[in-house]
Each structure stands twice: as structure tokens, then as C-alpha cells.
Amino acid sequence: METIAAAFKLEIANHFTITDNLLTLTLPDHNHIKIQAMLVTTRLNTNHAAHIVPRDHHTFHYIHQHDFTAENHSLEKLLLHNLNECRAYIDDVCITFLNAVMCDGEIQFFDGTKYLITVDAES
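Before going into details, it helps to say that this report is about the structure given with it. (Residues numbered from 1 in each chain as written. Predicted model: local features only at pLDDT ≥ 70, side-chain atom pairs only at ≥ 80, totals over all residues. Heavy atoms only, no water.)

## Points about the overall build of the protein chain
Counting secondary structure elements, the protein chain contains 3 helices and 6 strands. Element order for the protein chain, N to C, with α for helix and β for strand: α-β-β-β-α-α-β-β-β. Counting all 123 residues of the protein chain, 33% fall into the buried class. In the protein chain, of all internal contacts separated by at least 6 residues, the share reaching a separation of at least 24 is 60%. Entry remark: accessible area of the protein chain is about 7,700 Å², with carbon and sulfur atoms responsible for 53%. (Helix = DSSP H or I, 4+ residues; strand = E, 2+ residues; numbered from the N terminus. Buried < 20%, exposed > 50% of the residue type's maximum accessible area, 1.4 Å probe, protein only. Contact = heavy atoms within 4.5 Å. Areas by Shrake-Rupley, 256 points an atom, 1.4 Å probe, with all protein chains shown as cover.)

## Overview of the environment of K34
Tracing the backbone shows K34 in strand β3 (residues 32-41). Since its relative accessible area comes to 31%, K34 is described here as partly exposed. Here the alpha-carbon distance between K34 and L23, two residues 11 residues apart in the chain, equals 5.9 Å. Every residue in contact with K34, bar those within four places of it in the chain, is listed here: L22, L23, T24, T118, V119, D120 and E122.

## A word on the packing of aromatic side chains
Tallied over the full model, the rule gives 3 aromatic pairs. Relative to F16, the ring of F8 has its centre 5.6 Å away and its plane inclined at 75°; by these criteria the two rings are edge-to-face. Note on F8: relative accessible area 0%, which makes it buried. According to the relative accessible area criterion, F16 is buried, its value standing at 17%. Ring geometry for F109 and Y115: centres 6.3 Å apart, planes at 90°, overall edge-to-face. Counting every residue linked through ring pairs, the aromatic cluster contains F8, F16 and Y89. (Phe/Tyr/Trp six-rings, centres within 6.5 Å; stacked < 30°, edge-to-face > 60°.)

## Comments concerning the pairing of strand β4 (residues 100-103)
As paired strands, β4 and strand β5 (residues 106-109) are joined by 4 bridges and run antiparallel to one another. Looking across to β5, one finds that C103 is bridged to E106. (Pairing = 2+ DSSP bridges.)

## Details of the nonpolar core
Counting residues in each nonpolar core, the largest one holds 25 residues, and the members touching the most others are F8, L25, I35, Y89 and I90. If you list the elements that add at least two residues to this core, you get α1 (2-11), β2 (22-26), β3, α3 (83-97), β5 and β6 (114-121). Considering every element that reaches this core, the biggest residue donor is α3, with 6 residues. Beyond its immediate stretch of four places on either side in the chain, L25 contacts F8, I12, N14, H15, F16, N31, H32, I33, L80 and C86. (Core = buried A, V, L, I, M, F, W, Y, C linked by side-chain atoms within 4.5 Å.)

## What about the side chain of T96?
Relative to the assigned elements, T96 resides in helix α3. Note on T96: relative accessible area 10%, which makes it buried.

## Looking at the side chain of T118
Along the chain, the position of T118 falls in strand β6. Relative accessible area serves as the criterion here: at 18%, T118 is assigned to the buried category. Residues in contact with T118, not counting those within four places in the same chain, are K34, I35, Q36 and M38.

## Points about α3
Its 15 residues give α3 an end-to-end C-alpha distance of 21 Å, which sits within 8% of 21 Å, the value for a rise of 1.5 Å per residue. Turning to α3, its buried residues are C86, Y89, I90, D92, V93, C94, T96 and F97. (Expected span 1.5 Å × (residues − 1).)

In C-alpha cells, the structure reads:
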């Protein structure tokens, strides 16, 4: 959740709140999205430490908005509008910033630790 929260602070314009394992995002229509990280499996292999190695300084979603024809075009923070945009952004964050394997919302670090990332509309 620390990595997801850091990415949101850096790149997302929506209002959001963070607790230990839950980020609640407010959409422009005032609905809410819950993003949660739940531990599935603890460390199995003590030979490899789980570590975060950013592959880039920003996500693809953030960089993609850049107008490469303009001079000194600053990048605005992204505004997420719906559940699908939020899910796509979370996938981008996990792929860009985590040194881990991601499949169907499950992230496995090289030490065997697994988390399930869920992104759901708040009911």
C-alpha cells in the first residue's frame, strides 16, 4: 500500500484518504473507490528479500499525457473518473513501481510474499 499511496500522492488529482491497507478515492461524481491490499502468503524464501525497485519515475498513464511537441510542457496530475480507470492505473502502478510479478490482482514478490490488490466501488 505504501507504493500505491506514494504514486497517488505524486500523480493523482482526486481527493483520497489512506489507512494501513486501504486507500479510498473520491471520483468527480462524488462516488468512492476502495483500493485494498490484503496479505495472502508471507515470506517463503528467506534467500531473496522483497524490495521495491522503481522501473521508472512515473507511470505510463502519467507520462502518456505529455505533449512531446510542446516546449517545457508540465504534466498535470491525473484525474480518475471511474472504476475501470482506477483499476488500470493500479495495474500500471504495480507494473511500474514494484519489483514483483502481478497476475489477476495478485502480486508476488521474489521472496514468496503475496498480496491481493482489490479495487471496488464503495457500497
